[in-house]
Amino acid sequence: KLVLGIETSCDDTAAAVVDETGSILGEAIHSQTEVHLKTGGIIPSVAQQLHRENIEQIVKKTLCASGVTPNELSAVATTVKPGLALSLGVGLEYSLQLVNQYKKPFIPIHHMEAHALTIRITNKVDFPFLVLLVSGGHCLLAIVQGISDFLLLGKSLDMAPGDLLDKVARRLSLIKHPAYSTMSGGKAIEHLAKQGNRLHFDFQHPLHYCRNCNFSFSGLQTAVDKIITQKEKEEGVEKGHILSCAADIAAAVQHTVASHIAKRTHRAILFCQQRGFLTPSNAILVVSGGVASNLYIRRTLEIVTRATNCVLLCPPVKLCTDNGIMIAWNGVERLRAGLGILYNTEGLRYEPKELTVKPAGIASY
Ligand code: ATP
Ligand code: FE
């Protein structure tokens, strides 16, 4: 079985061909990060235009690198939600054209399901397992009981950690620093934080009084904003210039994010162990999504998994951020399980399916 995966949900045009063993036959990606950094955020119509300009060559490059012709594919899998509607539309339109031309099955993919299952490319992880998804648009803890069967334990009540880190990086004007000008906000903060002392700033830890597994990052964003404004005044630095204490702020923000994520995950692990969702033989915490590429956050989570006798598994950094491989792999998983495959897409107006998430009733725990 060979599946072509196509991803255009946000600002990366990506594709890959993966077989049923998880071997990556070929892949290609075009990142729009640099363009969007310059405009201070993603403008959907600009993202759409860039996807349109790149999708054909990205898919052709992928097929060429794979040594596979469209006729040899078993199916085409494409992200259909969640994401920017204009961006998703480009991938969907191109994919439908391809499957109709070559008479191939089409597998619509939920982007977060793909992030959650990525680990199964590289590690033998059986269901159920606990997953923490931390990215630019999401923050959630769930028990993955099957390919499309998620039991939701908690989620962010406001913004996602990647979004917070992107905003802080922008507020600190890191784009103006040659070393960070091409990096995503989260990556720039991680690098800058290495030179800082987190103890120079003390941010309040969100939701410490809440006995559940939800997350919150917007209070932290407001607090960071306030500190930066105050420091700009103190240092006599104009807004948009880099503060001398930027590295300390980056380190403190990263630490607060890591610690908040770790505490909520600790609660989730204890809940799962008490309720029998995680047994000693399958005590696995999978962490995925763009923010999971952060090594400081990984190390903080490792303290939690060690203390609770769990195993921490993260996909390689390259597979944490958006890519075509995870989409193709999700297609392989669905194809093998006979799930969500569309054989006739003629005249299809695709109604995206919801990720099956049932609340686990953790609030009373
Ligand atoms: P979602 O998956 O929720 O739809 P997305 O697809 O836009 O969102 P991803 O590509 O999964 O997001 O992740 C991108 C996010 O990850 C960005 O916010 C980016 O700042 C963050 N990120 C990338 N590398 C790192 C890092 N090393 N440390 C922290 N955050 C990072
Ligand atoms: Fe993503």
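Residues numbered from 1 in each chain as written. Chains lettered and ligands numbered in written order. Predicted model: local features only at pLDDT ≥ 70, side-chain atom pairs only at ≥ 80, totals over all residues.

Under an unreviewed UniProt entry, the name given to the protein chain is N(6)-L-threonylcarbamoyladenine synthase, and the source organism is Phascolarctos cinereus. Under the UniProt heading Catalytic activity (unreviewed entry), the note attached to the protein chain is "L-threonylcarbamoyladenylate + adenosine(37) in tRNA = N(6)-L-threonylcarbamoyladenosine(37) in tRNA + AMP + H(+)". (UniProt positions renumbered as here; feature names shortened; annotations may be inferred.)

Attention now moves to the overall build of the protein chain. When its secondary structure is counted, the protein chain shows 12 helices and 11 strands. With respect to the principal axes defined by its C-alpha atoms, the protein chain has extents near 65 × 50 × 30 Å. Counting only residues that meet the buried cut, the protein chain has 50% of its 365 residues in that class. (Helix = DSSP H or I, 4+ residues; strand = E, 2+ residues; numbered from the N terminus. Buried ≥ 20, exposed ≤ 12 C-beta atoms within 10 Å, placed from the backbone.)

The geometry of a pair of packed helices is captured by two quantities: the angle between their axes and the separation between those axes. Where helix α8 (residues 218-235) meets helix α9 (residues 246-274), the axes come as close as 12 Å, and the angle between the chain directions of the two elements is 165 degrees. By the angle between their axes, α8 is roughly antiparallel relative to α9. As α8 packs across α9, the resulting crossing turns out to be right-handed. Listed contacts from α9 to Leu 220, Val 224, Ile 227 and Ile 228 of α8 are Ile 249, Val 253 and Thr 256. (Axes fitted to C-alpha atoms, helices over the stretch in contact; angles between N-to-C directions. Parallel < 35°, antiparallel > 145°, perpendicular 65-115°, else oblique. Left-handed = near helix turned anticlockwise from the far one by under 90°. Contact = placed C-beta atoms within 7 Å.)

Note: strand β7 (residues 139-146) against strand β8 (residues 149-155), 6 bridges, orientation antiparallel. Within β8, the position partnered with Leu 140 by the bridge is Lys 155. Counted along the chain from β7 to the antiparallel partner β8, the turn is 2 residues long. (Pairing = 2+ DSSP bridges.)

A word on the site of ligand 1. For ligand 1, the set of nearby residues contains 26 residues, the closest of which are Gly 136, Gly 137, Gly 162, Gly 186 and Gly 290. Secondary-structure elements contributing two or more residues to the shell around ligand 1 are α4 (111-117), α6 (161-171) and α7 (185-193). Partitioned by chemical class, the residues of the shell around ligand 1 number 4 nonpolar, 17 polar and 5 charged. (Near = placed C-beta within 6 Å. Nonpolar A, V, L, I, M, F, W, Y, C, P; charged D, E, K, R; others polar.)

If you trace the backbone, Ile 107 turns up in strand β5 (residues 106-110). Looking at Ile 107, the number of C-beta atoms within 10 Å reads 28, which means it is buried.

This part takes up the UniProt feature "domain: Gcp-like" (unreviewed entry) in the protein chain. In the numbering adopted here, UniProt assigns the feature "domain: Gcp-like" (unreviewed entry) to residues 24-329. Secondary structure across residues 24-329 comprises 49% helix and 16% strand; the distance between its end C-alpha atoms is 9 Å.

Core analysis: the biggest nonpolar cluster contains 109 residues, and Leu 130, Ile 249 and Ala 328 have the highest contact counts within it. Here this core gets 14 residues from one element, more than from any other, and that element is α9. Discounting residues that sit within four places of it in the chain, Leu 130 has contacts with Ile 143, Ala 268, Ile 269, Cys 272, Leu 278, Ile 284, Leu 285 and Val 286. (Core = buried A, V, L, I, M, F, W, Y, C linked by C-beta atoms within 7 Å.)

Before going further, it helps to examine helix α10 (residues 295-307). The first and last C-alpha atoms of α10 sit 19 Å apart over 13 residues, in line with the 18 Å expected at 1.5 Å per residue. What α10 keeps buried is the set Ile 297, Thr 300, Leu 301, Val 304 and Thr 305. When α10 is viewed along its axis, its buried side chains cluster within an angular range of 145 degrees and face the same direction. Facing away from the buried surface of α10 by more than 90 degrees, the exposed residues are Leu 295, Arg 299, Arg 306 and Ala 307. Of the residues trailing α10, Asn 309 is marked for its positive phi of about 55 degrees. (Expected span 1.5 Å × (residues − 1). Arc of directions from axis to C-beta.)

The next subject is the packing of α6 against α8. Across the interface, α6 lies against α8 with an axial gap of 10 Å and an inter-helix angle of 10 degrees. Of the possible angle classes, the one that applies to α6 and α8 is roughly parallel. In contact with Leu 164, Lys 167, Val 168 and Arg 171 of α6, α8 contributes Leu 220, Gln 221, Val 224, Asp 225 and Ile 228. Of the residues in the contact of α6 with α8, the class split is 5 nonpolar, 1 polar and 3 charged.

With that settled, consider the confidence of the model for the protein chain. Here the protein chain shows a mean pLDDT of 93. Residues at 70 or above account for 95%. As a predicted assembly, this complex carries a pTM of 0.95 together with an ipTM value of 0.99. (pLDDT = per-residue confidence, 0-100.)

This paragraph deals with helix α12 (residues 324-337). Taking 1.5 Å of rise per residue, the 14 residues of α12 would be expected to cover 20 Å, and the 20 Å separating its terminal C-alpha atoms lies within 8% of that figure. The buried fraction of α12 is high, at 12 of 14 residues. Among the residues of α12, those classed as buried are Gly 324, Ile 325, Met 326, Ile 327, Ala 328, Trp 329, Asn 330, Gly 331, Val 332, Glu 333, Arg 334 and Leu 335. Among the residues trailing α12, Gly 338 stands out with phi positive, at a value near 70 degrees.

On to the environment of Ala 250, then. Mapped onto the elements of the fold, Ala 250 is located in helix α9. Considering only alpha carbons, one finds Ala 250 and His 191, 59 residues apart in sequence, at a separation of 8.9 Å. Setting aside chain neighbours within four positions, we find Ala 250 in contact with Ile 189, Leu 192, Ala 193 and Gly 196.

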